[in-house]
Structures are given as C-alpha cells and as structure tokens.
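Structure at a glance
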Amino acid sequence: MRKITAGLFISLDGVVEAPDQWHFPYFNDEMGAAVDATLGAADTLLFGRKTYDSFAGAWPEREAAGGEDAGFAKTLGDARKIVVSNQELEFTWRNSEQLEGDLVDAVTALKNEPGGNIALSGSVSVVRQLLAAGLLDELHLLVHPIAVRKGMRLFDEGETPIPLKLISSETFRTGVLNLVYAPAQSTGRGTYDDAKIHLPQPEQ
C-alpha cells in the first residue's frame, strides 16, 4: 500500500494560514532538504484547490526560467497532481487532474494503486479529512519559532481527539523544529492518580 505524507509550515501557536507572510525568514538549506524529502520523493501530489492554484501560479514559470530551483520545479511538474475541489476545474500545468468522487473513497483507492509515495503540501482541509479518516501515514510539521497570533490553525474544534506519536525530530539552525508524527492508538483515559506515581518522591 502506498504511503501518504503531509507537510506543513506551522507557527508556534498552530497557525498554518498564509505562511508566505511569516515563513521565508526561516527558510534555509536544512528546510529545503526537508521539503524535498517529502515532495521530491513522491510521484503523486494531492492538493486542495487554493494550494494547487498557488503552486500552479509559480512553479511552471520557475521551471521555464531555468534558475536555481528549476530542477525542483521540474520534479513537481513531472509528478501526477490531483486536485480536490467541488468546482469544475481546467488545468494548464501538465499532469494535473481533478479528484473524482468522495475524497475518502477516492484516496483509499489511490493508496491501493501501484506507485510511489503520495504527498501533500499545505491543503489544510484535505489534511484534516485524511487524518480523521485514518488515511494519513505521516504528518511533517515544520514548527517556526514565531507566534503569528491570527489565522487558521491546523486543528479545528471537534469532538474526537486525534492521537499521534512522534517518530522523528530535528532542530534546524534557525530554531525551526522538523517534527514527524504518525497516527497512534488511543491513549485511553487517565487521571491524576495514574500520573502521580511518576512524580518525584521527597527524600526521606
């Protein structure tokens, strides 16, 4: 079964909206390598419409310009790109298509197709739905040391907790944390009485 990974730029207070307004001062070679490890290693990219429009409005031109990032732009262009939207879409960026049918059913079928990794960048609403459905295998969070204080957070209000387990962590020179999570089993119910056995005991 194919693995689905999602990568997000996120602030210390959980904001994921409009990272172009606060993210770039923290971008360095370490972060570039982390992004490439997610997007560059996938042969299929899954997008929400807004994130797709942002990518399609920038990366084809960067590939054509032949600059330092043209190689990465070509990798994105060559990948299969699937866009989640309720509106009928027309595409100019090569290898782009619209997801057909119910998101959970379609992505479940996509995971069972032959192929390499499936990656998401941004696309918060899609990430939320895949997490809730248990279809996301890894959540890559690049936590920036800034409190943005306004904008959409990664996790919205809901009734059901989503337990995760940390599978790797790295600190970049900029202070950004590269945290990778995977789904976890429910932690169950706990009380203070359960926790206090782990508290330091006073010396006798």
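This text goes with the structure placed above it.
Let me begin by describing the structure that accompanies this report. Everything quoted here is computed from the prediction, not taken from an experiment. (Residues numbered from 1 in each chain as written. Predicted model: local features only at pLDDT ≥ 70, side-chain atom pairs only at ≥ 80, totals over all residues. Heavy atoms only, no water.)

1. Quick word on the nonpolar core
- With 27 residues, the main nonpolar core has L46, L120, V127, L130, L136, L139 and L154 as its most contacted residues.
- Listing elements by their share of this core, those giving two or more residues are β1 (4-11), β3 (80-84), α5 (103-111), β5 (117-121), α6 (124-132) and β6 (138-144).
- With 5 residues, α6 is the single largest residue contributor to this core.
- If we ignore the near neighbours within four places in the chain, the residues touching L46 are I82, V84, V107, I118, A119, L120, S121, S123, V126 and L130. (Core = buried A, V, L, I, M, F, W, Y, C linked by side-chain atoms within 4.5 Å. Buried < 20%, exposed > 50% of the residue type's maximum accessible area, 1.4 Å probe, protein only. Helix = DSSP H or I, 4+ residues; strand = E, 2+ residues; numbered from the N terminus. Contact = heavy atoms within 4.5 Å.)

2. Here's the deal with the pairing of strand β8 (residues 177-183)
- Pairing of β6 with β8, which is carried by 5 bridges, proceeds in the antiparallel orientation. Residue pairing across strands places V143 opposite L177, the latter belonging to β8.
- As paired strands, strand β7 (residues 164-171) and β8 are joined by 7 bridges and run antiparallel to one another. Within the sheet, the bridge partner assigned to L164 lies in β8 and is P183.
- In textbook terms, the turn of a hairpin is the stretch between consecutive antiparallel strands, and for β7 and β8 this stretch comprises 5 residues, one of which, G175, has a positive phi near 95°. (Pairing = 2+ DSSP bridges.)

3. A few points about the pattern of salt bridges
- Taken as a whole and assessed by the stated rule, the structure comprises 14 salt bridges.
- One salt bridge connects D13 with R153, and the closest N-O pair in it is separated by 3.5 Å. Of this pair, D13 sits in the loop between β1 and α1 (29-40) while R153 sits in the loop between β6 and β7, and the two are 140 residues apart along the sequence.
- Between E30 and R173 there is a salt bridge, and its shortest N-O distance comes to 3.5 Å. On the criterion of sequence distance, the pair formed by E30 in helix α1 and R173 in the loop between β7 and β8 is long-range, its members being 143 residues apart.
- Note on E30: relative accessible area 19%, which makes it buried.
- Residues participating in the shared-partner salt-bridge network are R2, D43, R80, E97 and E113. (Salt bridge = Lys/Arg side-chain N within 4 Å of Asp/Glu carboxyl O.)

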